[in-house]
Amino acid sequence: MTAVLKAVNRVLLGLVGLVLVVLGGAVLAVGLGVEPPSWWLHQGPDDVLLSDAERTRWRDEGWWWPVVIAGLAVLFLLALWWLTAVLRRRRLGEVLIDTGDGESARLRGRAMEGAFAAEAADLDGVARAHVHLTGRRTAPVARVRLRVEPDVAPAAALRDLTEGAIGHARDSAGLASLPTEVRLRGVRHRPERVS
């Protein structure tokens, strides 16, 4: 999770928690007999939060239900985005490399990603490469996104990546295997005129 997502996650969790604690504490305090201010919507232990008149005031207006549905849809999409951001697979911080003498060395995950991506980007027909390592420190999994030129066959780009960058990354880290998910995308280009 990126630093921005971490910050957004913490701020949203803090705000939701603060609102829930304040509202719950205020309703509990009023229920226990504390005199609320005149502007507070809950006036006593026998009072309801929304009266029948308040609940049904806008029901007959033509704009009410579309606005309610649109607001709930936006809240649902924001909650779904938040959930996927929280549950997204995290980046691998380091890879443990067996040095052969009973000890192990640590390779920074970002360093391995950078070297892997640089070699993948140097392949013929690859415009840009991005590598993301996930999994365990002793068994990393790579996710590679390649932007390939329009004239490159996807099978050739995949073969070159497998024989080159993936093999070199696996061998340099001393791994028995490096499972890799590769996503290929073509580079956008202007259409060419044929005459």
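A brief structural summary.

Quick word on a positive patch on the surface
Phase 1: A cluster of basic residues, Arg128, Arg145, Arg185 and Arg188, forms a positive patch at the surface.
Phase 2: Here Arg185 is to be found in strand 5 (residues 180–186).
Phase 3: Owing to a relative accessible area of 56%, Arg185 belongs among the exposed residues under this scheme.

Here's the deal with the pairing of strand 2 (residues 104–108)
Phase 1: In this structure, strand 1 (residues 94–98) lies alongside strand 2, joined through five bridges in antiparallel fashion. Within the sheet, the bridge partner assigned to Leu96 lies in strand 2 and is Arg106.
Phase 2: Between strand 1 and strand 2, which follow one another and run antiparallel, lie five residues, and Gly100 among them has a positive phi close to 90°.

Things to note about the pattern of salt bridges
Phase 1: Applying the stated criterion across every chain, the model contains five salt bridges.
Phase 2: Close ionic contact of Glu94 with Arg106 constitutes a salt bridge, the shortest N to O distance being 3.9 Å. With Glu94 in strand 1 and Arg106 in strand 2, the pair connects residues that are 12 residues apart, well separated along the chain.
Phase 3: According to the relative accessible area criterion, Arg106 is exposed, its value standing at 64%.
Phase 4: Linking Glu181 and Arg183 is a salt bridge whose minimum nitrogen-to-oxygen distance equals 2.9 Å.
Phase 5: Of the residues examined, Glu181 reaches a relative accessible area of 30% and is grouped as partly exposed.
Phase 6: Overlapping salt bridges bring together Glu94, Arg106 and Arg137 as one network.

Focus: the packing of aromatic side chains
Phase 1: Scanning the entire structure with this criterion turns up two aromatic pairs.
Phase 2: Plain terms: the ring middles of Trp63 and Trp64 are 5.9 Å apart, the flat faces sit at 80° to each other, and that makes the pair edge-to-face.
Phase 3: Since its relative accessible area comes to 42%, Trp63 is described here as partly exposed.
Phase 4: We classify Trp64 as partly exposed; its relative accessible area is 25%.
Phase 5: Clustering of aromatic rings is evident, with ring pairs tying together Trp63, Trp64 and Trp65.

Calculation notes
Residues numbered from 1 in each chain as written. Predicted model: local features only at pLDDT ≥ 70, side-chain atom pairs only at ≥ 80, totals over all residues. Heavy atoms only, no water. Patch = residues over 30% accessible without salt bridge, like charges linked within 9 Å, V, L, I, M, F, W, Y side chains within 5 Å. Areas by Shrake-Rupley, 256 points an atom, 1.4 Å probe, with all protein chains shown as cover. Salt bridge = Lys/Arg side-chain N within 4 Å of Asp/Glu carboxyl O. Lys, Arg positive; Asp, Glu negative; His and termini not counted. Charge placed at Lys NZ, Arg CZ, Asp CG, Glu CD. Helix = DSSP H or I, 4+ residues; strand = E, 2+ residues; numbered from the N terminus. Buried < 20%, exposed > 50% of the residue type's maximum accessible area, 1.4 Å probe, protein only. Pairing = 2+ DSSP bridges. Phe/Tyr/Trp six-rings, centres within 6.5 Å; stacked < 30°, edge-to-face > 60°.

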